[in-house]
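Each chain is listed here by its residues.
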Amino acid sequence: MIKNYIKIAWRNLKRNKTYAAISVIGLALGITCGILIFTLITYHLSFDTFHRNSNRIYKLYTEWHEEEVNKAGAVPQPLGKAFRNDFSLSEKTARVINFHDNLITITKGNVVKKFREEQGVAFTEPEYFDILNFPLLKGDKKTVLVQPNEAIVTEKIAHKYFGDDNAIGKVIRLDNKLNFTITGILKDLPANTDRKQEIYVSYSNMDQYTDKEREGNWGGVYSGSQAFTLLKPNVTVAQAESGLAELVKKHFTGRDLKVWRFKLQPIADMHFNPDLGGYADKKYLWALFFIGVFLIITACVNFVNLATAQALNRSKEVGIRKVLGSLPHQLFWQFIAETALITIVAVIVAVCLSLLALPAINNLFHSQMAFNGQELTVFIVIISLVVIFLSGSYPGLVLARFQPILALKSKLSQKHVGGFSLRRILVVTQFSISQVLIIGTIIIVSQLHYSQTTDLGFDKDAVLLLPLPQNDKVKLSTMKNRINEVQGVEKVSYCYGAPASHSNNTTGFNYDNRPEEEHWSINTKAGDENYISTFGVKLVAGRNLFKADTVREFLVNETFARKLNLKPQDVIGKTLSVNGKSVTAPIVGVMKDFYNYSLHTEISPVCIYIAPDSYSSLAIKMNMRNAKVSLASFEKIWSETFPDELYSYKFLDDSIREFYEMDNIQLKLVEAFACIAIVIGCLGLYGLVSFMAVRKTKEIGVRKVLGANISHVLWLFGKEFSFLLLIAFVIAAPLAWWAMHNYLQDFKYRISIGPGIFLISILSTFIIAAVTVGYRSITAALANPVKSLRSE
Amino acid sequence: MLSLQHISKYYQVSGLKNFVLNDLSLEIDEGEFISIMGPSGSGKSSLLNIIGMLDEPSEGYQYFVGNAVHQLKEKQRSALYKQYIGFVFQAYHLIDELTVAENIETPLIYQDFKSAERKAMVADMLDRFNIVGKKDLFPAQLSGGQQQLVGIARALIAKPKLLLADEPTGNLNSKQGEEIMELFRKLNKEDGVTIIQVTHSEKNAEYGSRIINLLDGKVESSKQL
């Protein structure tokens, strides 16, 4: 029986190649998206789940309860130690202080090799490796990192530095400051961890490295300063957090007692909590999940559409089979078998497509996802069964219920094949989904365009940033003079960072000698007297900073004045104290507001002052006409100034683009899904119009005999589809508005969703639909009426 | 073999009953070869469909080999006719996607014969109808007469007691038609298959043992030959 089903299914598909192709392509696209989205979601859900006791591992984080609650996934450096020493709530607690973009130097004989490590180096207490499951391949876990000047690196790093030589016992030099001897080799990190550091060094060298006594500083939080703890089995989070509250009481005074809170973040939350630096917001995973479900539904809908439209052609066969003794359920299973065949072919195509697409997606996300054979097989089997029954049962039921005599006499009509209205609903569903995605795409594109073209309040074009590894005064002034002489250089400024930057310092402050700190903090930017001219920042009141070697004066921005409820000119001449009153100076100018973060974040109060110790960048405003020559000169001058360091540069507009990396990824995904939804939708539309063409053959024949011309006939189709698309639009528009309104909430500065966007969406859908429907309806309209009427 | 008592079949059209069969009664014995005749719209095909249990009468009692058909459930009816009845159509109604051999085999599939058994029965049938050479051809590759031959072979494969034929020669030329009628006669005489055929042709009707004339849904005359 099964053999017979499959045989007839196969021959049917061979005969109706277009139908088979449309069904397979539609399903394959849907399933491909399903597979990829499944892989993506399971990949993210698997983050840091491989640690033993992962339900007891927590990361400590800080909250500041001021006007609003701010959070950071980092803690003051002494917190971890205090928590370990003062309480016995945890089995292990470890501090790990991460630094990024470090320079590692390896000396072998006379050869010096330099490596820039973007993921950087972590000063780590040995307990770290008891808490998190990163196994050592070589070295003794009991002794590594216990003594100062020890390092452990991953296999990958060891191989990168030393090739096939044994790395144990070799020396690496960090930022030309400290030497570490490698005493352990870690197994390479799995792809699904957010702990990306590959070089760990002894925690006891921390003070030497930062030159400052950070060990006792409770008042500052460096974003890389983290602590992990493994709670004892019967200790609750609440108990641990009340312990942390006691630490606040012990180490803070005055207003800080109310402001500072320390909390525990479960390790499972680390990957998903955007407030604490998590990468994958669960909101977006859910959105993806629903997009995947939608696409699979559209693909199934498509299939149902086509299959029931085919049903009339199959009615004779069904009739005969019934007369020959087939029971309805046997027919039902026959059609299920056919669906299964199509689905299996589609699944095979989909698996191939997914294999091809995965590298592109990994590239897009900078991830290392791989197909997890076991889980994916289960997923594919389940999805195949769902698809088979979802899309096979309706046509199967419809066909199995045919009245055999009617079927044999070709008297079956529309009403027997199951509502045309059902098919309409299905097409409306598909087009609603594609229109939501189209509107989404248009809005994301507009927002990104807006982010990249809006006046940021400073000049981001043709500004080059060079890093400063050292702040040696003599070196800096020589370098500045030499660079000023390079042809094409317009302005040069030493600074901590560009007006909009990933690295920021914020601090509490006292205004106008008020005894209490204000309840909001200020973003401090170190920069010299050329800062505002180099970056094209404008003044609205007062004057620029005078040249100086140390802090004499401040520039602030309009937001600062506004937050104090003052006019810009009113703050001129008043004093400002920042960094725990260690720096106090008068305000001499007010800058026009500029976006100091991305458009996701509100403009914050900013002050700029001269502080050569804090400079870490050299900004060069240049003429791009001779960029190549100038860039070569910069490299030469820089390398001569810092012979031990590794040269690198970055254009400001590139680094600003990085703010929108996630947005660009989202855009590409939504674009891809919109395209696929449109393709699947069009396939469904094509199926529907084919069906209509068959159904209306007689009507068209009669109309033509009565004198209708082609355009009349085309309108028969046109009005049907215009109507369906309009309904789809009416459903899609509010949904899309709602979804995108929520999306735009992530931007503090955003476009408004205007009618134009909806207009573009519906217009493009109409054009796409017209093209799809056009060919089939024109052939129907052109058919010779004599032929279509004769068959009656 | 079968008995129809006071059978009516009507369609309700805006409150009025439009009778296709009107209080018709008929007894048919095993071994008969009956030709049903009558003008278009006299109810020939409806009668045949009701006898073949493809359609249900609106009123009346129907008995088939001792079963009260009007009381049976769909499943039991289906089982009954699978066992006893073979159908031959004017338009042959072969499945276009299946070969000659597969078409003939199909009824056996629905009666749960084992694959080897099916193969043997199909081979016998092909042999008997002299169409062994055509077994792998598709219906579109055969002439009308050959297609009808396949249709009959398919109707007979499950060894039915009753063969129902709705204008079996309607689409054939006279020579092909004669061959089919000869075949029917032979089946009736030698194998004892009861045959009921609907026909327009006086000449073909005379192959039967009884001719029943229908008019307006009633038996107008019944003539034993």
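Values in this document were obtained by computation on a predicted structure and should not be read as measured data.

Description of the overall build of chain A
Item 1. Looking only at helices and strands, chain A features 24 helices and 25 strands.
Item 2. With respect to the three principal axes, the spread of C-alpha positions in chain A is 100 × 60 × 55 Å.
Item 3. Of all 792 residues assigned to chain A, the portion counted as buried reaches 41%.
Item 4. If you take every contact in chain A between residues at least 6 apart in sequence, the share linking residues at least 24 apart comes to 81%.

Quick word on the overall build of chain B
Item 1. When you go through chain B residue by residue, the secondary structure sums to seven helices and 10 strands.
Item 2. For chain B, whose C-alpha radius of gyration is 18 Å, the value lies close to the compact-globule estimate of 17 Å for 225 residues.
Item 3. Counting only C-alpha atoms, chain B reaches 55 × 40 × 35 Å along its principal axes.
Item 4. Buried positions account for 42% of the 225 residues belonging to chain B.
Item 5. For chain B, contacts bridging at least 24 residues in sequence account for 69% of all contacts bridging at least 6.

Describing the sheet that holds strand β14 (residues 463-467) of chain A
All names here are of chain A.
Item 1. If you walk across this open sheet you meet the four strands as β15-β24-β14-β25, and the pairing is antiparallel. Edge positions in the sheet fall to β15 (489-495) and β25 (650-651), since each of these pairs with one other strand and no more.
Item 2. One ladder, built from five bridges, connects β14 with strand β24 (residues 617-622); its direction is antiparallel. Across the sheet, the residue bridging to V463 is K621, located in β24.
Item 3. Running at roughly 160 degrees to β15, helix α14 (residues 473-485) makes contact with β15 and β24 of the sheet.

A word on the domain arrangement of chain A
Item 1. Domains assigned within chain A are domain 1 (1-47 + 284-416), domain 2 (57-276), domain 3 (419-454 + 660-792) and domain 4 (463-658).
Item 2. Once you take the C-alpha centre of each, domain 2 of chain A and domain 3 of chain A turn out to be 54 Å apart.

Describing the interface of chain A and chain B
Item 1. At the junction of the two partners, chain A supplies 18 residues and chain B supplies 16 residues.
Item 2. Elements supplying a minimum of two residues to the side of chain A that touches chain B: α1 (2-15), α9 (282-323) and α12 (404-408) of chain A.
Item 3. In terms of residue count, the dominant contributor to the side of chain A that touches chain B is α1(A) (five residues).
Item 4. Taken together, the residues that form the side of chain A that touches chain B break down as nine nonpolar, five polar and four charged.

Looking at the packing of helix α3 (residues 77-86) of chain A against helix α7 (residues 237-251) of chain A
Residue and element names in this part refer to chain A.
Item 1. Following both chains from N to C, one finds α3 and α7 inclined at 115 degrees, their axes separated by 11 Å at the closest point. In this view, α3 runs roughly perpendicular relative to α7, as classed from their interaxial angle. Between α3 and α7 lies a crossing whose hand is right-handed. Contacts from L79, A82, F83 and D86 of α3 reach α7 at G243, L244 and L247.
Item 2. For the contact of α3 with α7, the per-class residue count stands at five nonpolar, one polar and one charged.

What to know about the nonpolar core
Item 1. Core analysis: the biggest nonpolar cluster contains 157 residues, and L27(A), I31(A), L295(A), I439(A), F673(A), A677(A) and L164(B) have the highest contact counts within it.
Item 2. When residues are assigned to domains, this core turns out to be shared by domain 1 (1-47 + 284-416) and domain 3 (419-454 + 660-792) of chain A, each giving three or more.
Item 3. Setting aside its immediate chain neighbours within four residues, I439(A) contacts A732(A), A736(A), M740(A), I757(A), F758(A) and S761(A).

A closer look at the sheet that holds strand β6 (residues 85-88) of chain B
Residue and element names in this part refer to chain B.
Item 1. On the basis of which strands lie adjacent, the open sheet formed by six strands has the order β6-β7-β8-β3-β9-β10 and mixed pairing. The strands lining the two open edges of the sheet, one partner per strand, are β6 and β10 (218-224). Shown here is a sheet whose adjacent strand axes are inclined to one another by a mean of 15 degrees, direction ignored.
Item 2. Relative to strand β8 (residues 194-198), strand β3 (residues 33-37) is paired through four bridges, and the arrangement is parallel. Opposite I34, over in β8, you have I196 as the bridge partner.
Item 3. Here helix α1 (residues 44-51) sits on the sheet in contact with β3, β7 (162-166), β8 and β9 (210-215), set at roughly 150 degrees to β8.
Item 4. In the packing of helix α5 (residues 144-156) onto the sheet, the strands contacted are β6 and β7, and the crossing angle to β6 comes to about 170 degrees.

Re the confidence of the model for chain B
Item 1. Averaged over chain B, the pLDDT score is 89; the fraction of residues at 70 or greater is 100%.
Item 2. Note on the complex model: pTM 0.78, ipTM 0.77.

Considerations on the packing of α1(A) against helix α10 (residues 328-365) of chain A
Residue and element names in this part refer to chain A.
Item 1. Where α1 contacts α10, the two axes come as close as 9 Å, and the packing angle between them is 60 degrees. Considering their axes alone, α1 and α10 lie oblique with respect to each other. When you trace α1 past α10, the crossing you get is right-handed. On α10, the residues that touch I2, Y5, I6, A9, W10 and N12 of α1 are Q334, A337, E338 and L341.

Section: the environment of P107(B)
Item 1. Tracing the backbone shows P107(B) in helix α3 (residues 100-110).
Item 2. Sequence-distant contacts of P107(B), defined by excluding residues within four places in its chain, comprise L324(A), G325(A), R154(B), I157(B) and A158(B).

Some points on the pairing of β3(B)
All names here are of chain B.
Item 1. The element β3 is extensively covered by neighbouring structure, given that five of its five residues are classed as buried.
Item 2. On β3, burial covers both faces: F33, S35 and M37 on one face and I34 and I36 on the other are all buried.
Item 3. In this sheet, β9 lies alongside β3 in parallel orientation, the contact comprising four bridges. The partner of M37 across the bridge, within β9, is N213.

Some remarks on helix α18 (residues 627-641) of chain A
Residue and element names in this part refer to chain A.
Item 1. Its 15 residues place the ends of α18 21 Å apart at the C-alpha level, agreeing with the 21 Å of an ideal helix rising 1.5 Å per residue.
Item 2. Among all positions of α18, only S630, F634, I637, W638 and T641 are buried. Seen from one end, α18 has its buried residues packed into an arc of 95 degrees, which puts them on one side. Facing away from the buried side of α18, by more than 90 degrees, are the exposed residues K628, V629, A632 and E640.
Item 3. Where α18 is buried, its residues meet β14, α14, β15 and β24.

Digging into the environment of V347(A)
Residue and element names in this part refer to chain A.
Item 1. Along the chain, V347 turns up in helix α10.
Item 2. Look at V347 and you get buried, because 23 C-beta atoms sit within 10 Å.
Item 3. Measuring from C-alpha to C-alpha, the distance between V347 and V381 comes to 9.5 Å, with 34 residues separating the pair along the chain.

Remarks on unusual backbone geometry
All names here are of chain B.
Item 1. With phi around 65 degrees, Y92 is a residue other than glycine that occupies positive phi space.
Item 2. Mapped onto the fold, Y92 is located in the loop between β6 and α3.
Item 3. With 23 C-beta atoms packed within 10 Å, Y92 lands in the buried category.
Item 4. Not every positive phi belongs to a glycine, and E167 is a case in point at roughly 45 degrees.
Item 5. Examined against the element boundaries, E167 turns out to sit in the loop between β7 and α6 (174-190).
Item 6. The exposure class assigned to E167 is buried, which follows from the 20 C-beta atoms found within 10 Å.

Topic: the environment of L306(A)
Item 1. Its place among the elements puts L306(A) in helix α9.
Item 2. Linking L306(A) and K17(A), residues 289 residues apart in sequence, is a C-alpha distance of 13 Å.

Considering the pairing of strand β4 (residues 102-108) of chain A
Residues in a regular strand project their side chains so that they alternate between the two faces of the sheet.
Residues and elements named next belong to chain A.
Item 1. Of the strand pairs in this sheet, β4 and strand β5 (residues 111-117) are connected by seven bridges, and their pairing is antiparallel. Among the inter-strand pairings, I104 is bridged to a residue of β5, identified as F115.
Item 2. In textbook terms, the turn of a hairpin is the stretch between consecutive antiparallel strands, and for β4 and β5 this stretch comprises two residues, one of which, G109, has a positive phi near 65 degrees.
Item 3. Where β4 meets strand β9 (residues 171-174), two bridges bridge the pair, whose relative direction is antiparallel. Looking across to β9, one finds that I104 is bridged to L174.

Cut-offs and rules
- Residues numbered from 1 in each chain as written.
- Chains lettered and ligands numbered in written order.
- Predicted model: local features only at pLDDT ≥ 70, side-chain atom pairs only at ≥ 80, totals over all residues.
- Helix = DSSP H or I, 4+ residues; strand = E, 2+ residues; numbered from the N terminus.
- Buried ≥ 20, exposed ≤ 12 C-beta atoms within 10 Å, placed from the backbone.
- Contact = placed C-beta atoms within 7 Å.
- Rg over C-alpha atoms; globule rule 2.2 N^0.38 Å.
- Pairing = 2+ DSSP bridges.
- Axes fitted to C-alpha atoms, helices over the stretch in contact; angles between N-to-C directions.
- Domains from an automatic or database assignment.
- Nonpolar A, V, L, I, M, F, W, Y, C, P; charged D, E, K, R; others polar.
- Parallel < 35°, antiparallel > 145°, perpendicular 65-115°, else oblique.
- Left-handed = near helix turned anticlockwise from the far one by under 90°.
- Core = buried A, V, L, I, M, F, W, Y, C linked by C-beta atoms within 7 Å.
- pLDDT = per-residue confidence, 0-100.
- Expected span 1.5 Å × (residues − 1).
- Arc of directions from axis to C-beta.

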